[in-house]
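# Chain and residue survey
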Amino acid sequence: MKEKLVSVIVPIYNVEKDLMRCVDSILNQTYPHLEILLIDDGSTDSSGKLMDELTDTRVKKIHQRNSGQAGARNAGLDLAMGDYIIMVDSDDWIREDLVELCLTTAEEAQSDLILFTSYNVNQDGKKQYVPRKSGYLLTDAGSVPWNKFYAAKLLQDIRFPLGTWYEDLGMIPAVVLRAKNPVKLEEALYFYQTDRVDSQSNLKQDLKFLEVIPMLQHVEAEMKRLGVYTGNEQELEWLYMEHLVYRTVLRKIIDLESIKMRKEALVQVKQVLKQKFPRWKKNGYISGTGLTAKLKKMAVRLYLAGFVRLGDLIWKVPFEKRRQKTGF
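Calculation criteria
- Residues numbered from 1 in each chain as written.
- Predicted model: local features only at pLDDT ≥ 70, side-chain atom pairs only at ≥ 80, totals over all residues.
- Heavy atoms only, no water.
- Phe/Tyr/Trp six-rings, centres within 6.5 Å; stacked < 30°, edge-to-face > 60°.
- Helix = DSSP H or I, 4+ residues; strand = E, 2+ residues; numbered from the N terminus.
- Buried < 20%, exposed > 50% of the residue type's maximum accessible area, 1.4 Å probe, protein only.
- Pairing = 2+ DSSP bridges.
- 1 Å grid on protein atoms, 1.4 Å probe; cavity = no way out; pocket = protein on both sides within 12 Å on 5 of 7 lines; lining within 4 Å.
- Points joined across faces, edges and corners; volume = space filled by probe spheres on them.
- Nonpolar A, V, L, I, M, F, W, Y, C, P; charged D, E, K, R; others polar.
- Patch = residues over 30% accessible without salt bridge, like charges linked within 9 Å, V, L, I, M, F, W, Y side chains within 5 Å.
- Areas by Shrake-Rupley, 256 points an atom, 1.4 Å probe, with all protein chains shown as cover.
- Salt bridge = Lys/Arg side-chain N within 4 Å of Asp/Glu carboxyl O.
- Lys, Arg positive; Asp, Glu negative; His and termini not counted.
- Charge placed at Lys NZ, Arg CZ, Asp CG, Glu CD.
- Contact = heavy atoms within 4.5 Å.
- Right-handed = clockwise from strand over helix to strand, strands pointing away.
- Disulfide = S-S within 2.5 Å.
- Core = buried A, V, L, I, M, F, W, Y, C linked by side-chain atoms within 4.5 Å.
- Axes fitted to C-alpha atoms, helices over the stretch in contact; angles between N-to-C directions.
- Parallel < 35°, antiparallel > 145°, perpendicular 65-115°, else oblique.

### Quick word on the packing of aromatic side chains
Counting across every chain of the model gives 13 aromatic pairs. Between Y119 and F191 the ring centres are 5.6 Å apart and the planes differ by 20°, which places this aromatic pair in the stacked class. With Y119 in strand β6 (residues 113-121) and F191 in strand β9 (residues 182-193), the pair connects residues that are 72 residues apart, well separated along the chain. For Y119, a relative accessible area of 22% translates into the label partly exposed. The buried category is assigned to F191, whose relative accessible area is 12%.

Shown next as C-alpha coordinates:
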(Lines give C-alpha, C1' and ligand atoms only; values in the text may rest on other atoms or scores of the structure.)
Protein backbone atom coordinates (compact mmCIF):
# COMPACT_ATOMS: atom_id res chain seq x y z
CA MET A 1 0.00 0.00 0.00
CA LYS A 2 1.26 3.46 -0.89
CA GLU A 3 2.37 5.50 2.12
CA LYS A 4 0.12 8.43 2.87
CA LEU A 5 1.73 11.82 2.28
CA VAL A 6 1.23 14.46 4.96
CA SER A 7 1.70 18.13 4.04
CA VAL A 8 2.95 20.43 6.79
CA ILE A 9 2.31 24.14 6.17
CA VAL A 10 4.46 26.65 8.07
CA PRO A 11 3.91 30.41 7.54
CA ILE A 12 7.12 32.30 8.36
CA TYR A 13 7.63 35.97 9.17
CA ASN A 14 10.55 37.39 11.18
CA VAL A 15 11.00 34.43 13.53
CA GLU A 16 14.76 33.90 13.28
CA LYS A 17 15.02 33.17 17.01
CA ASP A 18 12.44 30.37 17.04
CA LEU A 19 12.33 29.07 13.47
CA MET A 20 14.75 26.16 13.74
CA ARG A 21 13.10 24.83 16.89
CA CYS A 22 9.87 24.65 14.90
CA VAL A 23 11.44 23.15 11.77
CA ASP A 24 13.47 20.58 13.72
CA SER A 25 10.32 19.37 15.49
CA ILE A 26 8.83 18.68 12.04
CA LEU A 27 11.94 17.12 10.49
CA ASN A 28 12.26 14.80 13.49
CA GLN A 29 8.75 13.37 13.25
CA THR A 30 8.55 9.62 13.72
CA TYR A 31 6.46 9.43 10.55
CA PRO A 32 8.82 10.39 7.70
CA HIS A 33 6.59 10.74 4.63
CA LEU A 34 6.14 14.48 4.77
CA GLU A 35 5.90 17.40 2.41
CA ILE A 36 7.12 20.41 4.40
CA LEU A 37 5.97 23.71 2.92
CA LEU A 38 7.88 26.64 4.39
CA ILE A 39 6.30 29.92 3.28
CA ASP A 40 8.54 32.95 3.86
CA ASP A 41 6.07 35.81 3.91
CA GLY A 42 8.50 38.62 3.13
CA SER A 43 10.65 38.33 6.26
CA THR A 44 13.07 41.18 6.90
CA ASP A 45 15.29 39.26 9.32
CA SER A 46 17.34 36.13 8.64
CA SER A 47 14.35 33.76 8.61
CA GLY A 48 14.43 33.36 4.83
CA LYS A 49 18.17 32.64 4.85
CA LEU A 50 17.81 30.01 7.58
CA MET A 51 15.08 28.39 5.55
CA ASP A 52 17.19 28.35 2.38
CA GLU A 53 20.05 26.60 4.19
CA LEU A 54 17.92 23.51 4.85
CA THR A 55 18.96 20.50 2.77
CA ASP A 56 16.24 17.96 3.59
CA THR A 57 14.57 17.02 0.29
CA ARG A 58 11.15 16.95 1.92
CA VAL A 59 11.30 20.71 2.40
CA LYS A 60 9.80 23.05 -0.19
CA LYS A 61 10.90 26.66 0.18
CA ILE A 62 8.59 29.42 -0.97
CA HIS A 63 9.41 33.13 -0.78
CA GLN A 64 6.61 35.62 -1.35
CA ARG A 65 5.81 39.27 -0.83
CA ASN A 66 4.28 39.96 2.55
CA SER A 67 0.58 39.14 2.52
CA GLY A 68 0.00 38.25 6.16
CA GLN A 69 -0.34 34.93 7.90
CA ALA A 70 -3.55 34.15 6.02
CA GLY A 71 -1.88 34.74 2.66
CA ALA A 72 1.05 32.52 3.63
CA ARG A 73 -1.21 29.70 4.77
CA ASN A 74 -3.29 30.02 1.59
CA ALA A 75 -0.14 29.72 -0.50
CA GLY A 76 0.66 26.49 1.33
CA LEU A 77 -2.85 25.16 0.79
CA ASP A 78 -2.61 25.94 -2.93
CA LEU A 79 0.63 23.95 -3.20
CA ALA A 80 -0.08 21.06 -0.81
CA MET A 81 -0.09 17.62 -2.44
CA GLY A 82 -0.63 15.53 0.69
CA ASP A 83 -3.46 13.20 1.59
CA TYR A 84 -3.56 14.97 4.93
CA ILE A 85 -2.58 18.47 6.06
CA ILE A 86 -1.39 20.05 9.30
CA MET A 87 -0.42 23.64 10.01
CA VAL A 88 2.29 24.77 12.41
CA ASP A 89 3.05 28.37 13.38
CA SER A 90 6.75 29.09 13.00
CA ASP A 91 7.37 30.14 16.60
CA ASP A 92 5.68 27.03 17.98
CA TRP A 93 6.68 23.36 17.83
CA ILE A 94 5.11 19.91 17.83
CA ARG A 95 5.56 16.60 19.62
CA GLU A 96 7.70 14.14 17.67
CA ASP A 97 4.88 11.63 17.19
CA LEU A 98 2.12 14.08 16.28
CA VAL A 99 1.88 13.01 12.64
CA GLU A 100 2.19 9.29 13.34
CA LEU A 101 -0.43 9.32 16.08
CA CYS A 102 -2.91 11.45 14.13
CA LEU A 103 -2.44 9.53 10.89
CA THR A 104 -2.88 6.17 12.60
CA THR A 105 -6.03 7.42 14.35
CA ALA A 106 -7.44 8.89 11.13
CA GLU A 107 -6.86 5.71 9.13
CA GLU A 108 -8.19 3.35 11.79
CA ALA A 109 -11.26 5.45 12.56
CA GLN A 110 -11.76 6.56 8.95
CA SER A 111 -11.80 10.09 10.28
CA ASP A 112 -11.43 13.21 8.15
CA LEU A 113 -10.47 15.45 11.09
CA ILE A 114 -8.40 14.73 14.18
CA LEU A 115 -8.61 17.29 16.99
CA PHE A 116 -5.91 17.35 19.64
CA THR A 117 -4.91 19.70 22.40
CA SER A 118 -1.81 21.67 23.33
CA TYR A 119 0.40 23.17 25.97
CA ASN A 120 0.68 26.90 26.43
CA VAL A 121 4.35 27.74 26.98
CA ASN A 122 5.53 31.09 28.32
CA GLN A 123 8.93 32.74 27.94
CA ASP A 124 10.16 31.07 31.14
CA GLY A 125 9.44 27.67 29.62
CA LYS A 126 6.56 26.97 31.98
CA LYS A 127 3.89 24.74 30.44
CA GLN A 128 0.14 24.81 30.92
CA TYR A 129 -2.06 21.98 29.62
CA VAL A 130 -5.10 23.23 27.70
CA PRO A 131 -8.15 21.05 28.43
CA ARG A 132 -10.85 20.89 25.76
CA LYS A 133 -13.83 19.47 27.60
CA SER A 134 -16.46 22.22 27.47
CA GLY A 135 -18.99 19.98 25.77
CA TYR A 136 -19.45 22.45 22.91
CA LEU A 137 -18.05 21.13 19.62
CA LEU A 138 -16.68 24.39 18.23
CA THR A 139 -15.39 25.60 21.60
CA ASP A 140 -13.52 22.33 22.16
CA ALA A 141 -12.21 22.30 18.60
CA GLY A 142 -11.04 25.90 18.85
CA SER A 143 -10.86 28.36 15.98
CA VAL A 144 -7.10 27.97 15.51
CA PRO A 145 -5.84 25.88 12.56
CA TRP A 146 -2.86 24.30 14.31
CA ASN A 147 -4.50 21.81 16.70
CA LYS A 148 -6.03 19.82 13.88
CA PHE A 149 -5.03 17.07 11.43
CA TYR A 150 -7.12 17.47 8.28
CA ALA A 151 -8.00 15.17 5.42
CA ALA A 152 -6.95 17.32 2.45
CA LYS A 153 -10.43 17.16 0.93
CA LEU A 154 -11.79 19.21 3.84
CA LEU A 155 -9.71 22.20 2.73
CA GLN A 156 -9.83 21.86 -1.03
CA ASP A 157 -12.23 24.74 -1.71
CA ILE A 158 -11.88 27.00 1.30
CA ARG A 159 -9.23 29.58 2.15
CA PHE A 160 -8.44 32.04 4.93
CA PRO A 161 -9.88 35.56 4.47
CA LEU A 162 -7.17 38.16 3.79
CA GLY A 163 -6.41 41.53 5.34
CA THR A 164 -7.99 41.04 8.74
CA TRP A 165 -7.32 39.84 12.24
CA TYR A 166 -8.87 36.58 13.44
CA GLU A 167 -8.80 35.08 9.95
CA ASP A 168 -8.76 31.65 11.61
CA LEU A 169 -12.16 32.33 13.15
CA GLY A 170 -13.50 33.28 9.72
CA MET A 171 -12.75 29.83 8.34
CA ILE A 172 -11.86 27.03 10.76
CA PRO A 173 -15.25 26.53 12.50
CA ALA A 174 -16.87 25.92 9.10
CA VAL A 175 -14.22 23.28 8.34
CA VAL A 176 -14.89 21.57 11.68
CA LEU A 177 -18.63 21.44 10.99
CA ARG A 178 -17.91 20.11 7.51
CA ALA A 179 -16.06 17.07 8.87
CA LYS A 180 -18.06 13.85 8.62
CA ASN A 181 -16.29 11.97 11.39
CA PRO A 182 -14.17 14.18 13.68
CA VAL A 183 -12.19 12.39 16.41
CA LYS A 184 -10.88 14.17 19.50
CA LEU A 185 -7.65 13.22 21.28
CA GLU A 186 -6.96 14.44 24.80
CA GLU A 187 -3.19 14.38 24.29
CA ALA A 188 -1.25 17.65 24.04
CA LEU A 189 0.72 17.33 20.79
CA TYR A 190 1.40 21.02 20.13
CA PHE A 191 3.43 23.61 22.04
CA TYR A 192 2.05 27.12 21.71
CA GLN A 193 4.20 30.09 22.72
CA THR A 194 1.82 32.38 24.57
CA ASP A 195 3.61 35.63 25.31
CA ARG A 196 5.32 36.61 22.08
CA VAL A 197 5.51 40.38 21.97
CA ASP A 198 4.10 40.90 18.47
CA SER A 199 1.24 38.42 18.74
CA GLN A 200 -2.23 39.67 17.89
CA SER A 201 -3.34 38.36 21.25
CA ASN A 202 -0.84 40.65 22.98
CA LEU A 203 -1.54 43.93 21.15
CA LYS A 204 -3.75 46.17 23.28
CA GLN A 205 -3.43 49.68 21.89
CA ASP A 206 -6.75 50.04 20.06
CA LEU A 207 -10.05 48.41 19.13
CA LYS A 208 -8.60 46.26 16.35
CA PHE A 209 -9.75 43.18 18.22
CA LEU A 210 -13.34 44.06 17.29
CA GLU A 211 -12.58 42.59 13.88
CA VAL A 212 -13.83 39.44 15.59
CA ILE A 213 -17.30 40.69 14.57
CA PRO A 214 -16.84 40.61 10.76
CA MET A 215 -15.01 37.29 11.08
CA LEU A 216 -17.97 35.76 12.90
CA GLN A 217 -20.18 37.06 10.11
CA HIS A 218 -17.74 35.61 7.56
CA VAL A 219 -17.75 32.16 9.08
CA GLU A 220 -21.55 32.17 9.09
CA ALA A 221 -21.47 32.91 5.36
CA GLU A 222 -18.96 30.09 4.87
CA MET A 223 -21.17 27.70 6.81
CA LYS A 224 -24.04 28.53 4.47
CA ARG A 225 -21.84 28.23 1.37
CA LEU A 226 -20.57 24.82 2.44
CA GLY A 227 -24.03 23.58 3.35
CA VAL A 228 -23.35 23.11 7.07
CA TYR A 229 -25.42 25.98 8.50
CA THR A 230 -28.79 24.29 8.80
CA GLY A 231 -28.82 22.17 11.93
CA ASN A 232 -25.82 24.01 13.39
CA GLU A 233 -27.49 27.32 14.27
CA GLN A 234 -26.95 26.63 17.97
CA GLU A 235 -23.25 25.95 17.40
CA LEU A 236 -22.99 29.35 15.70
CA GLU A 237 -24.60 31.05 18.69
CA TRP A 238 -22.19 29.27 21.04
CA LEU A 239 -19.34 30.50 18.80
CA TYR A 240 -20.54 34.09 19.18
CA MET A 241 -20.84 33.63 22.94
CA GLU A 242 -17.32 32.28 23.36
CA HIS A 243 -15.50 34.66 21.03
CA LEU A 244 -17.50 37.89 21.06
CA VAL A 245 -18.73 37.78 24.64
CA TYR A 246 -16.36 35.85 26.86
CA ARG A 247 -13.03 36.22 25.06
CA THR A 248 -13.53 39.76 23.80
CA VAL A 249 -15.10 41.19 26.95
CA LEU A 250 -13.05 39.30 29.53
CA ARG A 251 -9.67 39.08 27.76
CA LYS A 252 -9.43 41.99 25.31
CA ILE A 253 -11.59 44.85 26.51
CA ILE A 254 -10.36 44.61 30.10
CA ASP A 255 -6.83 45.43 28.93
CA LEU A 256 -7.74 48.77 27.37
CA GLU A 257 -6.40 51.59 29.52
CA SER A 258 -9.11 54.08 28.58
CA ILE A 259 -12.46 53.62 30.30
CA LYS A 260 -14.02 55.57 27.42
CA MET A 261 -12.63 53.09 24.87
CA ARG A 262 -13.73 50.16 26.97
CA LYS A 263 -17.29 51.45 27.13
CA GLU A 264 -17.25 52.13 23.39
CA ALA A 265 -16.18 48.55 22.70
CA LEU A 266 -18.75 47.14 25.11
CA VAL A 267 -21.51 49.09 23.37
CA GLN A 268 -20.52 47.54 20.03
CA VAL A 269 -20.54 44.04 21.50
CA LYS A 270 -23.93 44.64 23.09
CA GLN A 271 -25.39 45.97 19.84
CA VAL A 272 -24.31 42.89 17.91
CA LEU A 273 -25.76 40.56 20.54
CA LYS A 274 -29.05 42.46 20.66
CA GLN A 275 -29.40 42.31 16.89
CA LYS A 276 -28.19 38.75 16.33
CA PHE A 277 -29.26 36.92 19.48
CA PRO A 278 -31.75 39.05 21.45
CA ARG A 279 -32.29 36.25 23.99
CA TRP A 280 -28.58 35.54 24.50
CA LYS A 281 -28.82 35.93 28.28
CA LYS A 282 -31.07 32.88 28.43
CA ASN A 283 -29.29 30.61 25.96
CA GLY A 284 -27.58 28.57 28.69
CA TYR A 285 -24.02 28.87 27.38
CA ILE A 286 -21.40 28.32 30.08
CA SER A 287 -17.74 29.29 29.74
CA GLY A 288 -15.50 27.49 32.20
CA THR A 289 -16.46 25.40 35.20
CA GLY A 290 -17.40 25.87 38.83
CA LEU A 291 -16.72 29.22 40.47
CA THR A 292 -14.85 30.52 37.43
CA ALA A 293 -17.92 30.03 35.24
CA LYS A 294 -20.09 31.89 37.76
CA LEU A 295 -17.64 34.78 38.00
CA LYS A 296 -17.37 35.01 34.21
CA LYS A 297 -21.13 35.15 33.81
CA MET A 298 -21.50 37.79 36.51
CA ALA A 299 -18.66 39.92 35.13
CA VAL A 300 -20.00 39.81 31.57
CA ARG A 301 -23.43 40.96 32.74
CA LEU A 302 -21.89 43.84 34.72
CA TYR A 303 -19.61 44.97 31.89
CA LEU A 304 -22.33 44.89 29.26
CA ALA A 305 -24.66 46.80 31.59
CA GLY A 306 -22.05 49.56 31.79
CA PHE A 307 -20.74 48.84 35.30
CA VAL A 308 -17.09 48.71 34.24
CA ARG A 309 -15.40 49.33 37.59
CA LEU A 310 -17.64 46.86 39.39
CA GLY A 311 -16.93 44.32 36.70
CA ASP A 312 -13.22 44.94 37.27
CA LEU A 313 -13.59 44.07 40.95
CA ILE A 314 -15.31 40.81 40.06
CA TRP A 315 -13.05 39.80 37.16
CA LYS A 316 -10.11 41.99 36.11
CA VAL A 317 -8.43 42.36 39.51
CA PRO A 318 -8.42 38.63 40.38
CA PHE A 319 -7.63 37.73 36.76
CA GLU A 320 -4.52 39.93 36.80
CA LYS A 321 -3.39 38.48 40.13
CA ARG A 322 -3.77 34.96 38.77
CA ARG A 323 -1.90 35.86 35.56
CA GLN A 324 1.01 37.30 37.57
CA LYS A 325 1.09 34.25 39.83
CA THR A 326 0.86 31.54 37.16
CA GLY A 327 2.61 33.27 34.25
CA PHE A 328 -0.42 32.72 31.99
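Don't stop here, the text continues.
### A look at the pairing of strand β4 (residues 84-87)
Every second residue of β4 is oriented toward a common face, with Y84 and I86 on one face and I85 and M87 on the other, all of them buried. By the bridge criterion, 4 bridges tie strand β1 (residues 6-12) to β4 in an arrangement that is parallel. Opposite V6, over in β4, you have Y84 as the bridge partner. Sheet topology note: the β4/strand β8 (residues 148-151) ladder contains 2 bridges and is antiparallel. Residue pairing for β8: Y84 is matched across the bridge by A151.

### A look at the layout of surface pockets
By volume, the second largest pocket is sized at about 170 Å³. Y246, Y285, I286, K297 and R301 are, among the 14 residues lining the second largest pocket, the residues nearest its centre. In terms of residues, the lining of the second largest pocket owes the most to one element, helix α10 (residues 290-304), which gives 5 residues. Each residue belonging to the lining of the second largest pocket can be placed in one class, and the counts come to 7 nonpolar, 3 polar and 4 charged.

### Digging into a positive patch on the surface
On the surface, K270, K274, K281, K297 and R301 cluster together into a patch of positive charge. Listing elements by their share of the positive patch, those giving two or more residues are α9 (259-276) and α10. The topology assignment puts R301 in helix α10. Among the residues examined, R301 registers a relative accessible area of 31% and is labelled partly exposed.

### Side note on the pattern of salt bridges
Under the definition given, this model contains 21 salt bridges. Measuring nitrogen to oxygen at the nearest pair gives 2.8 Å for the salt bridge that ties D89 to R73. Linking D89 in the loop between β4 and β5 (93-94) with R73 in helix α3 (residues 68-79), this pair joins segments that are 16 residues apart in sequence. The exposure class of D89 is buried, given its relative accessible area of 7%. A relative accessible area of 1% places R73 in the buried class. Ionic pairing is found between D312 and R262, a salt bridge with its closest N-O pair at 2.6 Å.

### Brief notes about the side chain of N120
Tracing the backbone through its elements, the reader meets N120 in strand β6. Classification of N120 by relative accessible area gives buried; the value is 17%. Apart from the residues lying within four places of it in its own chain, the contact partners of N120 are K126, K127, Q128, V130, Y192, T194 and F328.

### Let's talk about the pairing of strand β2 (residues 34-41)
For β2, a buried count of 8 out of 8 residues is recorded, marking the element as mostly surrounded by other parts of the structure. Where burial is concerned, the two faces of β2 agree: the one with L34, I36, L38 and D40 and the one with E35, L37, I39 and D41 are both buried. Examined bridge by bridge, β1 and β2 share 7 bridges and lie parallel to one another. Bridge pairing in β2 places V10 opposite L38. Assessed by its sense of winding, the connection that carries the chain from β1 through helix α1 (residues 19-27) to β2 is right-handed. Here β2 runs beside strand β3 (residues 59-64); their pairing, made up of 6 bridges, is parallel. Its bridge partner being in β3, L37 is matched across the sheet by K60.

### A short note on the state of the cysteines
By definition, a disulfide is the covalent link that joins the sulfur atoms of two cysteine residues. Here the structure, examined in full by the defined rule, presents 0 disulfides. Looking at C22, it has no disulfide partner, and the nearest cysteine sulfur is the one in C102, 16 Å off. Classification of C102 as buried rests on a relative accessible area of 0%.

### Description of the nonpolar core
One finds L155, L244, V249 and Y303 to be the most contacted residues of the largest nonpolar core, which totals 71 residues. Ranked by residue count, the leading element in this core is helix α8 (residues 233-252), at 10 residues. Each residue touching L244, except ones within four places of it in the same chain, is listed here: V212, I213, L216, L239, V249, V269, V272 and L273. L98, L103, F116 and V183 belong to the second-largest nonpolar core, a separate cluster that totals 37 residues.

### Some points on the packing of α9 against helix α11 (residues 308-326)
As a packed pair, α9 and α11 sit with axes 12 Å apart at the nearest point and diverge in direction by 90°. When the axes of α9 and α11 are compared, the pair comes out roughly perpendicular. Contacts between α9 and α11 involve I259, R262, K263 and L266 from the first element and V308, R309, D312 and K316 from the second. Residues of the contact of α9 with α11, tallied by class, amount to 3 nonpolar, no polar and 5 charged.

By themselves these figures say nothing about function.
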